[in-house]
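An overview of the molecular structure
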Amino acid sequence: MTRFVFPFITLLTINLATQSFSLGDISYAQMGEYLENLGLGGECTAESYQRMRDMLINTLSQIQDVSCEAEQQTCQKGKIVDCTFQFPHEWCVQLLQNEEDDGFSKPLRKNFVAILKYGIAQLEKHKSSETQEQAFVFMLAKNILYNIFSVPFKTRKMTFEEIVTFPAKLTSKLRYRGEKDRREPITLEDAKKEAKFLVDPESAQPDRFLTPSELVGKTHEELAALDVREDHHIWHSERYMKEHPRLWDDFMKMMQTLIEQNLDERNDVETPYDLDLMRQVVWLERFQDSAGVHPKLRVRDVHGFKWKLKFGSEFFSEQLANFLYLSLGGKYNDLNFSHTVANPVYVVLQEKPVEQMQQNRKTQLACVTIATPDDLQQCLDKKSKKPIKISQYVLPGNVGVIDDSNLAAFMKDSHMKEKDLLGRHYIALHQVSMEFRDKRILKRTGPAPHSTMGNEDDRAMRGMILFHFWVDNFDVKDDNGEGALMPTPYGPRQLIQAPTDLGGAFRGSLGHGTGVLGNGIGINHYNEKDWLFVPALDRRHLLYPRLMTFFPDSAKKARFSDTLWMAKKIVGLPFDTIKRGVDMTPLPDFYKDLLLYKLAKRRADLAKLYGIEDLLDVSTLKIPEHKVSFGCPGCDEEIAERYHIPVSLIAAERKKLGIDGKQWIESVVRKGRLEKCNTSLLINLLERYAYPDGLSRNHLIVFEKPGVCRFHL
C-alpha cells in the first residue's frame, strides 16, 4: 500500500512547493470548446474546411503587425477587434503584452506567421482534393491553432480535479489481444475506433488513406501492417525507413546543414560547424525561468547560436531517449549532448560594472546579471526548485578569471575582442546536458497535443505510449512536446510534432528507491519482473504497474493494432543500434552494460508479449557481471584513468579506510544488479567526484540531499 500512497503524497507536496508538476495532460483544455464555438470542432465538411481557412488567414492578419492598447485589450490592424471575441482571451492579452521571454518573444511571433502561412498553403492546395485528404489537412490545421493558442498555458497549475484523479495513473492499461484473438476480423463498429489516416503500403495506391469501411474484415495483425504516409506530421513511413536505415545519421547531417546555412557574414562559413567543439566553450546569457525541476541556463556559442544548459540527473536520459526515438522513425527531436568530468562545459559568465554588481547584491537581486560563481549560486538558491550546490558540479581548479595566461583558449574561433573577455569569470561544469535551441533553425511553436485536435486518433501518437513504457518515461504531456516548421530530408518545410522533452525517460535518469516520486525507480528497478504483463483475470489488457504522472487520451484510445505497430519497430531495432545509443552516453562502462542489458531485456519481453520473437536479432542475453581490482600493481592507476578519478583521491580514501597496501576485488555489478554507494568504493568515489546527482541513488527533488554516502568494507 505504501508503494501507491507515497507517490501520491509526494505529488501533492511537490505541487504545493513548486510548479514542477503543474501541468495537466492537456496544456489548453478549453481549446476544443473554443473550436466548437467557431464551428471547427467536429468532422471536416466543405463548410468547416472553408471556415478553417478563413480562421487561419484572419489569425495571420492579426498577428503579423499587431499593436496594442493595453487598457482596452484590443488588437489593432486597420480596425479594432475585440480580443475576447476574436481569439482566446488569455492568448490575446499575453500576445499584446509582447514580453521578451520564451513565451511571446518577437521571434516566436515570426514562427506563428510562418506556420500559419504553411497551414493556409496546405488548405489551399487541397481545396479540391478527396474528402479523406481534406480531413487530414483539416486535422493539421487544428494542430497548428493548438500549437499557437496553447503557448500561454504552458505553466498553468494543476487543477484540484487533476490532483484528485491522479491516483488512477499509478498503473496504466493498454488493450491487448491473445494469439487467437489478434487473428479475428473486425467489424465496422471496431473499424471506426481504429486510428485514422492509415495507408496500405502493399496496395496499388500506397498513399491513399483508407476509409473505416475498408478496414472491416481485416485482422488485428493486418491492421498493424498498415502505416502512416510519408507526409505524416510525426513519423516516417516504413517505406522511407527501409530506404534510409541510418535515420540518426541522416538527422544529424540535416541539422548540420541547416546550421551551416544560417552562419552569417561575420562567421567563417568555409569551416564546417563542429557541434562537439562549439559547445565546449559558451557564453552565459541568462538564467532560464521554467516550470521544470532542473535549473537551466541559456548560453550561446562563439557563432552566436543558442543552447540550453541543464543541471541534474537527466544529463544523459534525453540524449539516449532522443536517439532511440529518432532511430525508431520519429521525424524530429532536439539535439542533446551530455557532459561529465571528461568533457566539461566552460561557461564564460557575464560582464558587469562594479557599481551595478554592488547595487544588485545590496538589493539582493538574484539573476539580474551573473558575473561570478557566487552570483550563480545566489541565483540558484533563489530560483531553482531543486537544491543545487554549484561546487558539486565544478572540479577543483575549474573556476577562474580570464587573463593573459588563458586568453588564447577563449579567443579561439571567437569574434569577441580581447578587452571584452579579459577579467571575466569562467566556470567549467560537469554532469550537465547541452541542448541546441537556436530559433533560426526551426520555426517552433507551442505544445503538441496528445489528447485533442485529432492526435488522439493518430497511429503514431497512440503507438508512442509503448515507446514511453520501454524507456520508462513517466512525464508524457503536451508541454513536453512541440510543434515546429522545419525542412525535411526529402522536401520543403513541413509541420512536425515531437516529444521534445524526454528527460523523464529512465525515470529522470535512474535513481534509487526514494527518487522522483519514490516509485521504485533506479536501474535495479528498471527491469523488474513483469514490468508489462497480462493480468491473470483480465486477458484483454496489458498492465504497466508503474506511475505515469501523465497518461494522454491517445494512449487511452490506443488499439492493439497501434501498439503492435510500435512493438514491431522496437523489437526490430537492431541490437547494435541500441548499443550505439547507450555508448554515446557518458556513463561508466559497467553502468552502460547494465543499461544496455535492461533495454534489450525489455525489448525481448515485448517480443514475447506480442508474439514477434522472429524479429529479434539477439535472442540470448548475458546477465551483466562487473568487477574491479583495487590495490594490485597498477590497478588504482588504471581505475583512475578509466573513470576519470584522480588517483590521489583513491589513495586518500584507502588511507582513511586503513587499507593501504591491501588488494581486493570488488563487484560493482552482481547478477545484473548495481551495487550501492555504501557497498562499492568505486561507485562511492564516482558519486562524490563525477556524478553529484548519483549513480546508485537519485534524491527527492524538493528536499535537501542527505549527507555524503559512506563506504564501508
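Everything quoted here is computed from the prediction, not taken from an experiment. (Residues numbered from 1 in each chain as written. Predicted model: local features only at pLDDT ≥ 70, side-chain atom pairs only at ≥ 80, totals over all residues. Heavy atoms only, no water.)

**Topic: the overall build of the protein**
- The number of helices and strands found in the protein is 28 helices and 19 strands.
- Considering only residue pairs separated by 6 or more positions, the protein has 74% of its internal contacts joining residues 24 or more positions apart.
- By element, 52% of the accessible surface of the protein is carried by carbon and sulfur atoms, the whole surface being about 29900 Å². (Helix = DSSP H or I, 4+ residues; strand = E, 2+ residues; numbered from the N terminus. Contact = heavy atoms within 4.5 Å. Areas by Shrake-Rupley, 256 points an atom, 1.4 Å probe, with all protein chains shown as cover.)

**Considerations on the confidence of the model for the protein**
- Considering every residue of the protein, the mean pLDDT works out to 83; 81% of them sit at 70 or more.
- Long-range and interchain partners of residues 98–103, a stretch whose pLDDT sits below 50, account for 13 contacts in this model, where long-range means more than four residues apart.
- Segment residues 700–704: pLDDT under 50, and 18 contacts once partners within four positions in sequence are set aside and those in other chains are kept. (pLDDT = per-residue confidence, 0-100.)

**Considerations on the packing of helix α13 (residues 247–261) against helix α15 (residues 317–328)**
- Where α13 meets α15, the axes come as close as 8 Å, and the angle between the chain directions of the two elements is 105 degrees. One finds that α13 runs roughly perpendicular with respect to α15. Within the contact between the two elements, α13 uses Leu247, Trp248 and Phe251 and α15 uses Phe323, Leu326 and Ser327.
- For the contact of α13 with α15, the class distribution of residues is five nonpolar, one polar and no charged. (Axes fitted to C-alpha atoms, helices over the stretch in contact; angles between N-to-C directions. Parallel < 35°, antiparallel > 145°, perpendicular 65-115°, else oblique. Nonpolar A, V, L, I, M, F, W, Y, C, P; charged D, E, K, R; others polar.)

**A few points about the sheet that holds strand β17 (residues 626–630)**
- Judged by pairing direction, the sheet is antiparallel, and its three strands sit side by side in the order β17-β18-β19 without closing on themselves. Strands at the two margins of the open sheet, each flanked by one partner only, are β17 and β19 (673–674). (Pairing = 2+ DSSP bridges.)

**Some words on helix α20 (residues 459–470)**
- For α20, with 12 residues, the first-to-last C-alpha span of 17 Å sits near the 16 Å given by 1.5 Å per residue.
- Within α20, 12 of the 12 residues are buried, which leaves it mostly tucked inside the rest of the structure.
- For α20, the complete set of buried residues consists of Arg459, Ala460, Met461, Arg462, Gly463, Met464, Ile465, Leu466, Phe467, His468, Phe469 and Trp470.
- The N-cap residue of α20 is Asp458: its side-chain oxygen and the backbone nitrogen of Ala460 are 3.0 Å apart.
- One or two positions beyond α20, positive phi appears at Asp472, with a value near 60 degrees. (Expected span 1.5 Å × (residues − 1). Buried < 20%, exposed > 50% of the residue type's maximum accessible area, 1.4 Å probe, protein only. Polar contact = N/O pair within 3.5 Å; in protein donor to acceptor, adjacent residues only side chain to side chain.)

**Some remarks on the layout of surface pockets**
- In this structure, the second largest pocket occupies an estimated 800 Å³ of space.
- Around the second largest pocket sit 30 residues that line it, and Glu238, Met241, Lys242, Leu328 and Lys569 are the ones nearest its centre.
- Listed by contribution, the elements that provide at least two residues to the lining of the second largest pocket are α12 (238–243), α13, α15, α23 (560–572) and α24 (575–584).
- Its residues assigned to classes, the lining of the second largest pocket shows 14 nonpolar, four polar and 12 charged. (1 Å grid on protein atoms, 1.4 Å probe; cavity = no way out; pocket = protein on both sides within 12 Å on 5 of 7 lines; lining within 4 Å. Points joined across faces, edges and corners; volume = space filled by probe spheres on them.)

**Observations concerning the state of the cysteines**
- What the rule picks out here adds up to three disulfides.
- At a sulfur-sulfur separation of 1.7 Å, the disulfide partner of Cys367 is Cys379. Judged by the sign of its S-S torsion, about 100 degrees, the cystine formed by Cys367 and Cys379 is right-handed. Linking Cys367 in the loop between α16 (354–362) and α17 (373–383) with Cys379 in helix α17, this pair joins segments that are 12 residues apart in sequence. Neither Cys367 nor Cys379 differs from the other in exposure class; each is buried. (Disulfide = S-S within 2.5 Å.)

**Observations concerning the pattern of salt bridges**
- Here the structure, examined in full by the defined rule, presents 44 salt bridges.
- Arg177 is paired through a salt bridge with Glu184; the nearest N and O atoms lie 3.9 Å apart.
- Classification of Glu184 as partly exposed rests on a relative accessible area of 33%.
- Taken together, the shared-partner salt bridges in this structure form one network comprising Lys308, Asp334, Glu435, Arg437, Arg444 and Glu482. (Salt bridge = Lys/Arg side-chain N within 4 Å of Asp/Glu carboxyl O.)

**Section: the sheet that holds strand β8 (residues 336–339)**
- Here eight strands make up an open sheet; going across it, the order is β8-β12-β7-β6-β5-β9-β11-β10 and the pairing mixed. Looking along the sheet, the strands with just one partner apiece sit at the ends: β8 and β10 (399–401). Adjacent strand axes in the sheet meet at a mean angle of 35 degrees when their direction is disregarded.
- Summarising the sheet, β10 and strand β11 (residues 425–429) pair through three bridges and their orientation is antiparallel. The residue bridging Val399 from the neighbouring strand is Ile427, located in β11.
- Across the sheet, α15 lies against β7 (306–311), β8 and β12 (432–436), angled at about 145 degrees from β8, the strand it touches most.

**Some remarks on the side chain of Glu653**
- With respect to the secondary-structure elements, Glu653 resides in helix α27 (residues 647–657).
- Judged by relative accessible area, Glu653 falls into the buried class, the value being 5%.
- Contacts of Glu653, omitting those with residues within four sequence positions, involve Leu681, Leu685 and Arg688.

**Thoughts on the pairing of β17**
- Across the two faces of β17 the burial differs, with His626, Val628 and Phe630 buried and Lys627 and Ser629 not buried at all.
- Here β17 pairs with strand β18 (residues 664–670) via five bridges, running antiparallel. Bridge pairing in β18 places Lys627 opposite Ser667.

**Focus on the packing of α15 against α24**
- Where α15 meets α24, the axes come as close as 9 Å, and the angle between the chain directions of the two elements is 155 degrees. By the angle class used here, α15 and α24 are roughly antiparallel. In the packing of α15 onto α24, the handedness of the crossing is right-handed. Where α15 approaches α24, its residues Gln319, Leu320, Phe323, Leu324 and Ser327 are matched on the opposing element by Thr577, Ile578, Arg580, Gly581, Val582 and Met584.
- Its residues placed into classes, the contact of α15 with α24 shows six nonpolar, four polar and one charged. (Left-handed = near helix turned anticlockwise from the far one by under 90°.)

**Quick notes on the side chain of Ser696**
- Within the fold, Ser696 resides in the segment after α28 (681–689).
- Here the side chain of Ser696 touches Cys677 through a polar contact of 3.2 Å, landing on its backbone nitrogen.

**Things to note about the environment of Tyr526**
- For Tyr526, the position within the fold is in the loop between α21 (505–509) and β16 (541–544).
- Taking relative accessible area as the criterion, Tyr526 reaches 0% and is therefore assigned buried.
- For the pair Tyr526 and Val471, spaced 55 residues apart in sequence, the C-alpha separation works out to 9.0 Å.

**A short note on the packing of aromatic side chains**
- Following the criterion strictly, the structure yields 28 aromatic pairs and no others.
- Summarising the aromatic geometry, the rings of Trp248 and Phe323 are spaced 5.1 Å apart at their centres and angled 65 degrees between planes, so their arrangement reads as edge-to-face. Of this pair, Trp248 sits in helix α13 while Phe323 is found in helix α15, placing the two residues 75 residues apart along the sequence.
- We classify Trp248 as buried; its relative accessible area is 10%.
- One residue, Arg229, lies across the ring of Phe136, its end atom 5.8 Å from the ring centre. (Phe/Tyr/Trp six-rings, centres within 6.5 Å; stacked < 30°, edge-to-face > 60°. Lys NZ or Arg CZ within 6 Å of the ring centre and 35° of its normal.)

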